[in-house]
Amino acid sequence: MKKILALLMAVCLTVAMLAGCGSAPAEPAQGATEQPAAEQPAGEPGAEKETVTLKVWADQGELELTEKLCNDFAAAHPEKEYVFEFGAVGAVDGKSRYLEDPAAAADVFLFADDQLIDLVKADALYEVTRNSDAIVAANTAGSINAASYDGVLYGYPMTSDNGYFLYYDKSVFTEDDLATLDGILAAANAAGKQVHMDVSNGWYLASFFLGNGCTLTIEDGKQIMDFNSEKGLEAAEAIREFCNDPAFVTGDDSVLTGGIGDSIACGVSGTWVSTAIQEKLGENYGCCKLPTFTCAGRQVQMGSFLGCKIYGVNSQTAYPVDAMELAEFLTSEQSQLERYEKLNYGPSNVNALASDAVSSNLALRALGEQSNYAVTQLVLGGFWVPAEAFGAELEAHTTADLQTLLDQLVEQATAG
């Protein structure tokens, strides 16, 4: 019996040893592969691509170009299969449409710059975490400011063309004249001409206050402003001196477009009047950033408001990396140049602004220069009427106490 048991143990030991030896692997079954498709390097022939579906919103007039740019993006990333769904939702409606149903909103969507704070507080936007330094460097300071909140970049500037700058008659001014408001007024007076600015329009009025370091913003749905501060008083004194100059003239855009080249030598407005002014001035057509102005004995650069269209990435997207890469592509230098060529949108990208195509557009070039001194228009409706009243007082050469007028302005503008 012992011999039989010993023999059986020897047989079992031999089988176990053979099983543990490094013998060649068995042949794969028919149709099997040694490396599963999911483990093959992306982009190699035969690899199974990941499918990424992204919903994109753009204005109706931008949709055709947006679809083309998205297809260009997909072609540049053949390692994935991109499927795009498009919706006609423009920047004006970006915030409201997103808030209707965040989960169903686009992965990449447009919004106007003054919607950014509300979107951030609604936790709607992914912080820009990919290539943020490069994006900041690629765009104007004003547009980056418009796409940021509390020092954090939340959006990708697409345009930077809703702002104002100076139109001028080249036959009246030298470059040195145009550097300062004092120089402009002196040259205009010498030529018997006028300098136009609609000071009773709060949009333009704010340029003096913003230039001297005052703030106008929104916090928790309330208007916050310090135009009645010491800096605000300094700015108000400069505005009054400007309005009291013999060359000063006010009025809306019709006054500027009707008078420039005749009684008016220069004026402040935006790109929407460029065609009319160019037709009036012909070879004397000129545009530049706003000048500096004398404020408390020193030269201060005039500020301005700047409106931008911005692409944001939905914080609930299932594909944050792909969405961020797409948003960056849609706002790249090349994409902004294509928008300018096809839609005449003013770029925020500094290289696009410096290109031959855009730099030949004097109005957009001037707006780009001024955007470095511009801020986002964070203004509630209660600001405009008091600002108009304050500006109208100065246009009428009031002798009232400026501090009192400023206190009234701030009280009324922030009451709502």
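Here's a quick rundown of the structure. (Residues numbered from 1 in each chain as written. Predicted model: local features only at pLDDT ≥ 70, side-chain atom pairs only at ≥ 80, totals over all residues. Heavy atoms only, no water.)

Here we look at empty space enclosed by the protein
Part 1 of the reasoning: For the coordinates displayed, the defined rule picks out two cavities of 30 Å³ or more.
Part 2 of the reasoning: Of the volumes computed, that of the largest cavity is approximately 60 Å³.
Part 3 of the reasoning: The wall of the largest cavity is formed by Leu166, Leu181, Ile184, Val195, His196, Met197, Phe242, Val268, Leu290, Pro291 and Met302.
Part 4 of the reasoning: Within the residue set of the lining of the largest cavity, elements represented by two or more residues are helix H8 (181-191) and strand E9 (194-196).
Part 5 of the reasoning: Here the residues of the lining of the largest cavity sort into ten nonpolar, one polar and no charged. (1 Å grid on protein atoms, 1.4 Å probe; cavity = no way out; pocket = protein on both sides within 12 Å on 5 of 7 lines; lining within 4 Å. Points joined across faces, edges and corners; volume = space filled by probe spheres on them. Helix = DSSP H or I, 4+ residues; strand = E, 2+ residues; numbered from the N terminus. Nonpolar A, V, L, I, M, F, W, Y, C, P; charged D, E, K, R; others polar.)

A few points about the packing of aromatic side chains
Aromatic ring pairs are described here by two measures, namely the spacing of the ring centres and the angle between the planes.
Part 1 of the reasoning: Taken as a whole and assessed by the stated rule, the structure comprises 21 aromatic pairs.
Part 2 of the reasoning: Arranged with centres 5.1 Å apart and planes meeting at 65 degrees, the rings of Phe73 and Tyr82 form a pair that is edge-to-face.
Part 3 of the reasoning: Phe73 gets classed as buried once you look at its relative accessible area, which sits at 1%.
Part 4 of the reasoning: Pairing Phe209 with Phe227 gives two aromatic rings, centres 4.3 Å apart and planes at 5 degrees, and the pair type is stacked. With Phe209 in helix H9 (residues 202-211) and Phe227 in the loop between strand E11 (222-225) and helix H10 (230-243), this residue pair connects regions lying 18 residues apart in the sequence.
Part 5 of the reasoning: Positioned above the aromatic ring of Trp57 is the side chain of Arg97, whose terminal nitrogen or guanidinium carbon lies 5.4 Å from the ring centre. (Phe/Tyr/Trp six-rings, centres within 6.5 Å; stacked < 30°, edge-to-face > 60°. Buried < 20%, exposed > 50% of the residue type's maximum accessible area, 1.4 Å probe, protein only. Lys NZ or Arg CZ within 6 Å of the ring centre and 35° of its normal.)

Things to note about the side chain of Asp107
Part 1 of the reasoning: Mapped onto the elements of the fold, Asp107 is located in the loop between helix H3 (94-100) and strand E3 (108-112).
Part 2 of the reasoning: Separated by 2.7 Å, the side chain of Asp107 and the backbone nitrogen of Lys55 make a polar contact.
Part 3 of the reasoning: Beyond its immediate stretch of four places on either side in the chain, Asp107 contacts Thr53, Leu54, Lys55, Gly312, Val313, Asn314, Thr317, Ala318 and Ala323. (Polar contact = N/O pair within 3.5 Å; in protein donor to acceptor, adjacent residues only side chain to side chain. Contact = heavy atoms within 4.5 Å.)

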